[in-house]
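This is what each chain is made of:
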Amino acid sequence: MIKQEEITYINNNPNSGIKVNWEALRKDYKSLVKAKNIYDPCKIPFEHIRYGILMSTRKTGKTNTLLTLGLICAWKYGTMIAYVRQTEDMIEYRNIKTFFEVQLRNNYISEMTDGEYTGAEIKGDYGCFVHYDEKMKVDKRSAPVVIFLSISKQQDYKSTLNLPNCNMVIFDEFISTRYSYNEYVEFLQLLSTIIRDKTEVIIFMLANSTNVFSPYFYELCIAKEVKNLKPGNSAMIRTKKGTSLYIELIDGITPEREQLNMLYFGFDNPKLKAITGGDWAVADYPHIQKDDTREVITKGVYLTFKDIILQMELLRSDKLGLHILVHRANKIDEKCLTIYTISDITDCKEQYAFGRGKLSKLIWKLYDDHKFYYADNEVGDILETYVKQAMKL
């Protein structure tokens, strides 16, 4: 059983949020959760951060361990978790009906509440603890302990959503193959609605993919720090304006995972890193052989993505015909022909997304015809990330 505490407020002000003793919460979590080879959330410095960004392969249990910690907090202090996904369909009942499966299977809810609640259920946008009678009918429900929200509906929440007891946000699977236009700003708008005047809400951003070029890293201004992470590493970051973040690339290579990798995924293929857990996932892209003689048509085409500049050389060779060589550039030549961007247009040579005109049509037709070649795989990942985002605009 985990002892409930009387609700007290930060600075004795209900608008500031419920006061939580994180060290006591760590002890409660360790007394309840005995499973090994899963992610341990107790090492997160909750007292010193407002964002926790955790990335790994799928089999580390980070979502469920954080959910369990949040449910203990809800029982002990009367708080609430906001579980966030990108779109409304992701939080439909058919997609979240097993949300409490791990907690129910391990009997965590019954143990922490000493049998006052024996299960959990989802009704509409909320999840709560429940108690079942002898006939397995619900005879008691708690106040909501989880609310399910989507970024796509953030505008609707502004006038209707009020979560004074919410102290934890879990944004699950934030690294995605699809991003809506201005998604980062809409996510922060949603956070603003959740947080209001509270001062100790912690936002967790979790990902089961390891694409180092996720736009969120650039929007949060942590791209360089994230790129330097190795499996098992973590870092504390404070932005120039004072926001504190904890980032971690969880090492998912347990002895059990090594055995599975050997049995099923023992191929020398960098595309498998997100599955095997061995560092950032980088795909394999085509490169041009060094001895391939080629004629330069133009070197005046550039592409900018966040703080990265790529140069796209239009070339011709006997082997490949017309093709594009993509590589990094330190700066844009002032005599350039065009610059592709998905940021705000600030120069007359910039063109949005895939641009217009004969040259742009030719360049992106070559892309469609698989006639793009890359200086290295990292450059290929950058350009692919740009294309995926541009196609959503």
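Just above, that's the structure.
Calculation criteria
Residues numbered from 1 in each chain as written. Predicted model: local features only at pLDDT ≥ 70, side-chain atom pairs only at ≥ 80, totals over all residues. Heavy atoms only, no water. Helix = DSSP H or I, 4+ residues; strand = E, 2+ residues; numbered from the N terminus. Areas by Shrake-Rupley, 256 points an atom, 1.4 Å probe, with all protein chains shown as cover. Lys, Arg positive; Asp, Glu negative; His and termini not counted. Charge placed at Lys NZ, Arg CZ, Asp CG, Glu CD. Phe/Tyr/Trp six-rings, centres within 6.5 Å; stacked < 30°, edge-to-face > 60°. Buried < 20%, exposed > 50% of the residue type's maximum accessible area, 1.4 Å probe, protein only. Core = buried A, V, L, I, M, F, W, Y, C linked by side-chain atoms within 4.5 Å. Contact = heavy atoms within 4.5 Å. Expected span 1.5 Å × (residues − 1). Pairing = 2+ DSSP bridges. Salt bridge = Lys/Arg side-chain N within 4 Å of Asp/Glu carboxyl O. Axes fitted to C-alpha atoms, helices over the stretch in contact; angles between N-to-C directions. Left-handed = near helix turned anticlockwise from the far one by under 90°. Nonpolar A, V, L, I, M, F, W, Y, C, P; charged D, E, K, R; others polar. Patch = residues over 30% accessible without salt bridge, like charges linked within 9 Å, V, L, I, M, F, W, Y side chains within 5 Å.

Caption draft 1: Representation of the overall build of the protein chain within the structure. Scanning the protein chain for helices and strands turns up 13 helices and 17 strands. Counting only C-alpha atoms and orienting by the principal axes, one finds that the protein chain spans roughly 80 × 50 × 40 Å. Accessible surface, the protein chain: about 20300 Å² in total, of which carbon and sulfur atoms supply 48%. For the protein chain, the distance from the average position of its 53 positive side-chain charges to the average position of its 51 negative side-chain charges is 2 Å.

Caption draft 2: Structural context of the packing of aromatic side chains. All chains considered together, the criterion is met by 24 aromatic pairs. Ring geometry for Phe174 versus Tyr216: centroids 5.8 Å apart, planes at 90°, classification edge-to-face. Here Tyr216 lies in helix H8 (residues 215–219) and Phe174 lies in the loop between strand S7 (166–172) and helix H7 (183–195), a separation of 42 residues in the sequence. The exposure class assigned to Phe174 is buried, which follows from its relative accessible area of 0%. Ring centres of Phe372 and Tyr374 lie 6.5 Å apart, and the angle between their planes is 50°; on these two criteria the pair is classed as tilted. Both residues of the pair, Phe372 and Tyr374, count as buried. Members of the aromatic cluster, joined through ring pairs, are Tyr285, Tyr340, Phe354, Trp364, Tyr367, Phe372 and Tyr374.

Caption draft 3: Structural context of unusual backbone geometry. Located in the positive-phi region is Asn37, a residue other than glycine, with phi close to 60°. As for its placement among the helices and strands, Asn37 is situated in the loop between helix H1 (22–32) and strand S1 (51–55). Backbone geometry places Met136, a non-glycine residue, at a positive phi of 60°. Along the chain, Met136 falls in the loop between strand S4 (126–132) and strand S5 (138–141).

Caption draft 4: Representation of the environment of Asn233. Inspection of the secondary structure puts Asn233 in the loop between helix H9 (223–227) and strand S9 (234–238). Here Asn233 falls in the partly exposed class, since its relative accessible area comes to 33%. As for Asn233 and His287, which are separated by 54 residues in sequence, their C-alpha atoms are 31 Å apart.

Caption draft 5: Spotlight on the nonpolar core. Counting 66 residues, the largest nonpolar core has Ile53, Leu149, Phe174, Met205, Met312, Phe372 and Leu383 as its most contacted members. Considering each element in turn, this core owes the most residues, six residues, to helix H13 (residues 377–391). In contact with Met205, not counting residues within four places along its chain, are Tyr51, Gly52, Ile53, Leu54, Phe171, Phe174, Phe187, Tyr216 and Leu220.

Caption draft 6: View of helix H2 (residues 62–77). Between its first and last C-alpha atoms H2 spans 22 Å; for 16 residues at 1.5 Å apiece the expected length is 22 Å, and the two agree. Taking burial as the measure, the 16 residues of H2 include 15 buried ones, the bulk of the element. Where H2 ends, the next residue or the one after it, Gly78, has phi of about 85°, a positive value.

Caption draft 7: Representation of the pairing of strand S10 (residues 244–249) in the model. In terms of residue burial, S10 counts as a mostly covered element, since six of its six residues are buried. Residue alternation in S10 divides its side chains into two sets, Ser244, Tyr246 and Glu248 and Leu245, Ile247 and Leu249, and both sets are buried. Relative to S10, S1 is paired through five bridges, and the arrangement is parallel. Note that in S10 the partner of Leu54 across the bridge is Glu248. As paired strands, S9 and S10 are joined by five bridges and run antiparallel to one another. Across the sheet, residue Ala235 finds its bridge partner in S10, namely Ile247.

Caption draft 8: Local environment of the pattern of salt bridges. Applying the stated rule across the entire model yields 16 salt bridges. Here Glu378 ties to Lys227 by a salt bridge, and the two come within 2.8 Å at their closest N and O atoms. Of this pair, Glu378 sits in helix H13 while Lys227 is found in helix H9, placing the two residues 151 residues apart along the sequence. Through salt bridges with shared partners, one network takes in Glu5, Asp28 and Lys76.

Caption draft 9: Just the packing of H1 against H2, in detail. One can describe the packing of H1 onto H2 by two numbers: an axis separation of 10 Å at closest approach and a directional angle of 115°. Once H1 is placed against H2, the crossing between them reads as right-handed. For the pair formed by H1 and H2, the contact residues are Trp22, Ala24, Leu25, Asp28, Tyr29 and Leu32 on the first element and Thr65, Thr68, Leu69, Ile72, Cys73, Lys76 and Tyr77 on the second. Partitioning the contact of H1 with H2 into residue classes produces nine nonpolar, two polar and two charged.

Caption draft 10: Local environment of the side chain of Asn167. With respect to the helices and strands, the residue Asn167 is situated in strand S7. With residues near it in sequence (within four places) discarded, Asn167 still touches Val20, Trp22, Cys73, Thr79, Met80, Glu200, Val201 and Ile202.

Caption draft 11: Quick look at the pairing of strand S2 (residues 80–85). With six of six residues buried, S2 lies mostly within the body of the structure. Side chains Met80, Ala82 and Val84 project from S2 onto one buried face, and the interleaved Ile81, Tyr83 and Arg85 project onto a second face that is buried too. Across five bridges, S2 lies against S7 in parallel orientation. From the neighbouring strand, Met80 faces S7, where its bridge partner is Cys166.

Caption draft 12: Quick peek at a nonpolar patch on the surface. A contiguous nonpolar patch, built from Tyr181, Ile345, Tyr352 and Leu393 and spanning about 410 Å² of accessible area, is present on the exposed surface. Tracing the chain through its elements places Tyr181 in the loop between S7 and H7. Note on Tyr181: relative accessible area 54%, which makes it exposed.

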